[in-house]
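Spelled out from the first residue to the last, the chains are:
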Amino acid sequence: MQTITSVFEMQTLAEDLRSKGQIIGLVPTMGALHEGHVSLIKLAAEQADTVVVSIFVNPTQFGPSEDFTKYPRALEADVAACEAAGADIVFAPTAEEIYPKGYSTYVIEEHIAKPLEGVSRPSHFRGVTTVVAKLFNIVRPDLAVFGQKDAQQVAVIKKMVADLHFTVDVVVAPTLREQDGLAMSSRNRYLTATQRIEALVIHRALRKAAGMVAAGECRVDRLIAEATHLIAQHRRVRMIYTSIVDRTTMEAVKGEIVPGKVVMTIAVWVDEIRLIDNELL
Ligand code: AMP
């Protein structure tokens, strides 16, 4: 496995691999890798001849008051994890390499990116679509793997791929969870033991809604009321949103859900740590 930091080198190598007929799979990450990321790399390895994992804490997807400087960085451990998971190349550029002085071009998806995360993180998806478009141009992958954990990100990337005629196949991997149900996240390492216990209510609320749907309850207001009620019992957990949306458009569903077409998404603050999770209903 090799680690590359230069855009030119990555582009040249990817071009060479493509000319030899290799199927290239890309797994974009911000590093601080956990088992969730590892499952994405393994899925890419099943479908591609060469797997490229990008590790880049993308400054443009963080708001001014967010945790960019504090975001965990662990390149050495990440490179080892990539190799163990079956990656062939780690692409770990510097911020200056991706956004050189005077950089001024951005990719903006204008609808799906607006609700949910877009409300409290207004420039977040502009950063995501910009960096993912750049990674697609640098690596020119045949397929790219994203986690269902970030349901809105999946919907936004799929729309960008369609709108901008990228020929990348977007593969979605299921959310990996800790044994107690907490969705794996690089930000979980910020949680104290007490906060971590409080955070479990997110998955409990999602499972409660899924259970209600399984029992025949399809009314959106009932499903959201139950989830909200559970979350409200936790003093340190503040709800940012609980919403049931169409999986493709991320538009809020009104009235009754059609099971199999929607996703319940939750974002909360556990003290100062922002966590998101979702459940397909
Ligand atoms: P990040 O490093 O947080 O930007 O995540 C990189 C990729 O890993 C994204 O496609 C995420 O959706 C995905 N991912 C993050 N957490 C999980 C998880 N618990 N299970 C599956 N995929 C995940």
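Residues numbered from 1 in each chain as written. Predicted model: local features only at pLDDT ≥ 70, side-chain atom pairs only at ≥ 80, totals over all residues. Heavy atoms only, no water.

S.K.: Would you take a moment to explain the environment of Pro259 for this structure?
M.R.: Note that Pro259 resides in the loop between strand E7 (237–246) and strand E8 (262–270). Along the backbone, Pro259 and Ala210 are 49 residues apart, and their C-alpha atoms lie at a distance of 9.7 Å. (Helix = DSSP H or I, 4+ residues; strand = E, 2+ residues; numbered from the N terminus.)

S.K.: Before we go on, may I ask you to explain the sheet that holds strand E2 (residues 24–29) in this structure?
M.R.: Hydrogen bonds along the backbone pair up the strands of a sheet, which may run parallel or antiparallel. Here we have 6 strands laid out as an open sheet, ordered E1-E4-E3-E2-E5-E6, and parallel in their pairing. The open sheet has two edge strands with one neighbour each: strand E1 (2–4) and strand E6 (169–173). Across the sheet, the mean angle separating the axes of adjacent strands is 25° when strand polarity is ignored. Two strands pair when backbone bridges link them, and strand E5 (residues 143–147) and E6 are joined in this way by 5 bridges, in the parallel orientation. Bridge pairing in E6 links Val145 to Val171. (Pairing = 2+ DSSP bridges. Axes fitted to C-alpha atoms, helices over the stretch in contact; angles between N-to-C directions.)

S.K.: It is not clear to me how the site of the ligand should be interpreted in this structure. Could you clarify?
M.R.: Every one of the 17 residues lining the ligand counts as a neighbour, but His37, Gly147, Asp150, Leu176 and Met184 are closest to it. In the model, an oxygen atom of the ligand is placed 2.9 Å from a nitrogen or oxygen of the Gly147 main chain. The contact in question runs from a nitrogen atom of the ligand to an N or O atom on the backbone of Met184, over 2.9 Å. At the level of elements, E2, helix H2 (35–47) and E5 are the ones that each hand at least two residues to the shell around the ligand. Here the shell around the ligand takes 3 residues from H2, the largest share from any one element. Counted by class, the shell around the ligand contains 8 nonpolar, 7 polar and 2 charged residues. (Near = heavy atom within 4 Å. Polar contact = N/O pair within 3.5 Å; in protein donor to acceptor, adjacent residues only side chain to side chain. Nonpolar A, V, L, I, M, F, W, Y, C, P; charged D, E, K, R; others polar.)

S.K.: So what exactly am I meant to see when it comes to the packing of aromatic side chains here?
M.R.: Describing an aromatic ring pair means giving the distance of the ring centres and the angle of the ring planes. All told, the structure shown has 6 aromatic pairs when counted by the stated rule. With 5.7 Å between their ring centres and 75° between their planes, Phe62 and Tyr71 make a pair best called edge-to-face. Judged by relative accessible area, which is 8%, Phe62 ranks as buried. Here the aromatic rings of Phe136 and Phe166 are separated by 5.3 Å at their centres, their planes lie at 75°, and the arrangement is edge-to-face. Of this pair, Phe136 sits in helix H6 (residues 124–139) while Phe166 sits in the loop between helix H7 (151–163) and E6; the two residues are 30 residues apart in sequence, bridging distant segments of the chain. Given the relative accessible area of 2%, Phe136 is considered buried. (Phe/Tyr/Trp six-rings, centres within 6.5 Å; stacked < 30°, edge-to-face > 60°. Buried < 20%, exposed > 50% of the residue type's maximum accessible area, 1.4 Å probe, protein only.)

S.K.: Help me understand the domain arrangement of the protein chain, please; the structure alone is not making it clear to me.
M.R.: Quoted interface sizes are often the accessible area lost when the parts come together. Split by domain assignment, the protein chain resolves into domain 1 (2–173) and domain 2 (186–280). Centre-to-centre separation of domain 1 and domain 2, based on C-alpha positions: 26 Å. Counting residues at the interface gives 22 residues for domain 1, matched by 19 residues for domain 2. Taken together, the two surfaces of domain 1 and domain 2 that pack against each other cover about 1700 Å², and 51% of this comes from carbon and sulfur. Between Arg187 and Asp67 there is a salt bridge; the shortest N-O distance is 2.9 Å. Scanning the region where domain 1 abuts domain 2 turns up 13 residue pairs in polar contact (both at pLDDT 80 or more). Elements represented by at least two residues in the side of domain 1 that touches domain 2 include exactly helix H5 (117–120) and H7. Top contributing element to the side of domain 1 that touches domain 2 by residue count: H7, with 3 residues. Grouping the constituent residues of the side of domain 1 that touches domain 2 by class yields 10 nonpolar, 6 polar and 6 charged. (Domains from an automatic or database assignment. Contact = heavy atoms within 4.5 Å. Buried area = accessible area lost by both parts, 1.4 Å probe. Salt bridge = Lys/Arg side-chain N within 4 Å of Asp/Glu carboxyl O.)

S.K.: Can you walk me through the environment of Phe125 in this structure?
M.R.: Tracing the backbone through its elements, the reader meets Phe125 in helix H6. Assessed through its relative accessible area of 4%, Phe125 is described here as buried. Between the C-alpha atoms of Phe125 and Asp49, which are 76 residues apart in sequence, the distance is 30 Å. Excluding residues that lie within four positions of it along the chain, Phe125 makes contacts with Ala113, Glu117, Gly118, Gln152, Gln153 and Val156.

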